[in-house]
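What the coordinates show
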Amino acid sequence: MVRTLLKATSLVLLLLLSLGSAQAQQIELSVDRTELARGETLTLTIRVFDQRQGMQLDLTPLTQDFDVLGTRTSSQIRSINGVTESWTDYVITLFPEEEGDLVIPPLTIMEQTTDAIAITVVNAGPRSNQGNDELYLEIETNKDSVYVQEQLLFTVRLFYTINGIRNPVFTELEMEDTVTQLIGSPNQYERLIDGERYGVYEKRYVIFPQRSGPLEIPDILFRGEVTDGSSNFVFRNMNTRRVTAFIEGVTIDIKERPASAPVGEGWLPVTGLSLEESWNGDIEALKVGESVVRTLTLRAEGLDGALLPPFSPTLIDGLNLYPDPADISRTFVDGSIVGTRIEQSTYVALRAGEISIPALEIPWWDVNSDTAQLAVLPAMQIEVATVDGILPSEQAVASTEDIRQLLSPEPVVDQAMIDAQAEAEFIEIDSELVRLGQWAFAALVALAFARLAYSRLGGVAFKRAGEWRDQRQAVNYEPAAYAQLAQACKKADKLLIRDALILWSNHFLGAGSTRSMDDILRNHRAGELSRWAAALQSALFDPKSDGVFDAQGLLATIKALRSKQRADTTRARREAAYQLPPLYRH
């Protein structure tokens, strides 16, 4: 009995020792190699005994010196001499981010801490891991040195002899103080090298450095997957392997703006620059009040259109200038960027006589010859003719009267003023009866002549007085100005419409803001009125037009503007009336 108990105890102790030994050797770490070239990948295998798939591993410590490209798992069971073993392998593909001595840090798995593994990454030359020639990178720049803001053309090419490359990823070009643009879509073609045919995947960039000094273009890494054509029968997944290629970056010298460049002028380092102009209209036959459109085109070879500065004149004596927004674009010609800036302005003649349009000069730097150049449009003189019999609406008439007096309302005559005037006059009846009779006789004679004049003239004088009164009311009262404009549109008299439109626009756009048609055209708040004013000007003064003007269309537009203005005013008053008072009074 005692012997049986001793045997059982021995078996239990052996079992416990076996379990402890298994627990101590439950996790193993290994790498496929400890020395590799820059740009190569490393395979780390974590083997966990007696575990199945689905265990979560914390790989965060690996990301300090490595990029985790992917993970996969596999489980195996092995039986030898009746002893069965099972384990799960976690296979991790790592890419070293730096060269030199690196360390795979300790990992905590199932409450155990693994040992660190030392790794050495060596620099094997500009093509590093590309010695097998099945997959390698090439980079190219058009220059080793450029000026600040000059274009630098950069190309990266992937050469490959293997088929089925999937999910290609390249290092992004991210550099401080630069503007980088990808030129179009990547190109794919074939090239024969030493009798062997390679596929080529090419990406082209244009880089604009914004400061002088060395420009470090980073190392370029390519990552992708290659299929071997086979697949898993059960899940229909293509069997793939990861491939990488790496090439060192380059350093470009960025030169400062040369001292011989013009001081204070714009800096345009390009291979070519042209300046052209065109006119929409006959500039040699321009008359007062007429307009022409001038189009200026600046084209730069080697610079983005967004970097080209404004260059159109903003002020010309004798002309009003109305510029349109600039049209900016860029294209790529033979791998080089070509920027274009188009500026268009409408020129309206203000006065007759000779008008000088100044020259345009744009300095630029020829990076091919390394010299300063100048793009020039010569000055020109034009002769503006008058419009016979009509004062140009754009010409202001000088006035010596105070504008506040002209715009002031008419004085109001009330009963108090009449009584005060009556009390100030005293007539001595007794002493001036004879003179009073003479006055009465003269009044009767004057009345007779007045009746005769009125019958002959048809009340013309009183009619003119009414017109004068209506005009003064139109100056001070918007409804009267509108009524005057409506009457002019009904008569279809373009000159009356012009004067009435100026008067009404002064009410609509703000008192004192409108004195001529030119004020309407220049006022940014005029909106649709500007279009009607331009059409009226053309109908009045443009000899090429048929002289027809849509007066009823103008009146319909103004009706809509008045309705909208009344609605806006009513809404503002309602909002002010129902606005809640503040919670706390100060």
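Residues numbered from 1 in each chain as written. Predicted model: local features only at pLDDT ≥ 70, side-chain atom pairs only at ≥ 80, totals over all residues. Heavy atoms only, no water.

1. A look at the overall build of the protein
Selection rule: Counting from the N terminus, the helices are DSSP H or I runs at least four residues long and the strands are E runs at least two residues long. Buried means the residue's accessible area, taken with a 1.4 Å probe over protein chains only, is under 20% of the maximum for its type, while exposed means over 50%, and partly exposed covers the values in between. Two residues qualify as a contact provided that any one of their heavy atoms is within 4.5 Å of a heavy atom in the partner residue. Each accessible area is a Shrake-Rupley result for a 1.4 Å probe, and residues are judged covered by the shown protein chains and nothing else.
Of the regular secondary structure elements, the protein holds ten helices and 30 strands. Taking all 586 residues of the protein together, the buried fraction comes to 35%. Counted over contacts in the protein with a minimum sequence separation of 6, partners at least 24 positions apart contribute 67%. In the form shown here, the protein has an accessible surface area of approximately 36,100 Å², with 53% of it arising from carbon and sulfur atoms.

2. Comments concerning the sheet that holds strand β17 (residues 213–217)
Sheet strands pair by backbone hydrogen bonding; their relative direction is either parallel or antiparallel. Cut-off, in case you're wondering: One requirement defines pairing of two strands: DSSP has to find at least two bridges between them. Think of each axis as a best-fit line through the C-alpha atoms, taken over the contacting stretch in the case of a helix, with angles from 0 to 180 degrees between the N-to-C directions.
Ordered in space as β11-β20-β17, the three strands form an open sheet in which the pairing is mixed. The sheet terminates laterally at β11 (145–147) and β17, the two strands that pair on one side only. Direction aside, neighbouring strands of the sheet carry axes that sit 35° apart on average. Relative to strand β20 (residues 250–255), β17 runs antiparallel, the two sharing five bridges. In the strand pairing of β20, E216 is matched with T251.

3. Description of helix α9 (residues 528–541)
Residues spaced three or four apart along an α-helix face the same direction, because each turn holds 3.6 residues. Spelled out, the test is: Here a helix's expected span is defined as the number of its residues, less one, multiplied by 1.5 Å.
For α9, with 14 residues, the first-to-last C-alpha span of 20 Å sits near the 20 Å given by 1.5 Å per residue. Among the residues of α9, those classed as buried are L529, S530, W532, A533, L536, Q537, A539, L540 and F541.

4. So, the environment of S145
Position of S145 among the secondary structure elements: in strand β11. Taking the relative accessible area as the measure of exposure, S145 reaches 25% and is therefore partly exposed. For the pair S145 and K255, spaced 110 residues apart in sequence, the C-alpha to C-alpha distance is 7.1 Å. Look past the residues within four positions of S145 in its chain and what remains in contact with it is I252, D253 and K255.

5. A few points about the nonpolar core
Most often, soluble globular proteins keep nonpolar side chains buried together rather than apart. Inclusion rule: Residue types Ala, Val, Leu, Ile, Met, Phe, Trp, Tyr and Cys, when buried and joined through side-chain atoms within 4.5 Å, form a set referred to as a nonpolar core.
Within the largest apolar cluster, 30 residues are counted, with the highest numbers of intra-cluster contacts made by I497, L501 and L529. At the level of secondary structure, the elements contributing two or more residues to this core comprise α6 (478–491), α7 (494–509), α8 (517–522), α9 and α10 (551–577). Counting residues per element, this core draws most heavily on α7, which supplies eight residues. Among all residues touching L529, those that are not within four sequence positions of it are L501, W504, S505, F508, I520, I558 and L561. Membership of the second largest hydrophobic core comes to 27 residues, among which are L137, I139, I162 and L173.

6. Thoughts on unusual backbone geometry
Its identity as a non-glycine residue notwithstanding, D194 has a phi of 50°, on the positive side. With relative accessibility at 79%, the residue D194 sits in the exposed group. One non-glycine residue, D370, adopts positive backbone phi at about 55°. Along the polypeptide, D370 turns up in the loop between β28 (360–366) and β29 (371–377). Judged by its relative accessible area of 38%, D370 is partly exposed.

Coordinates in, geometry out; function isn't part of it.
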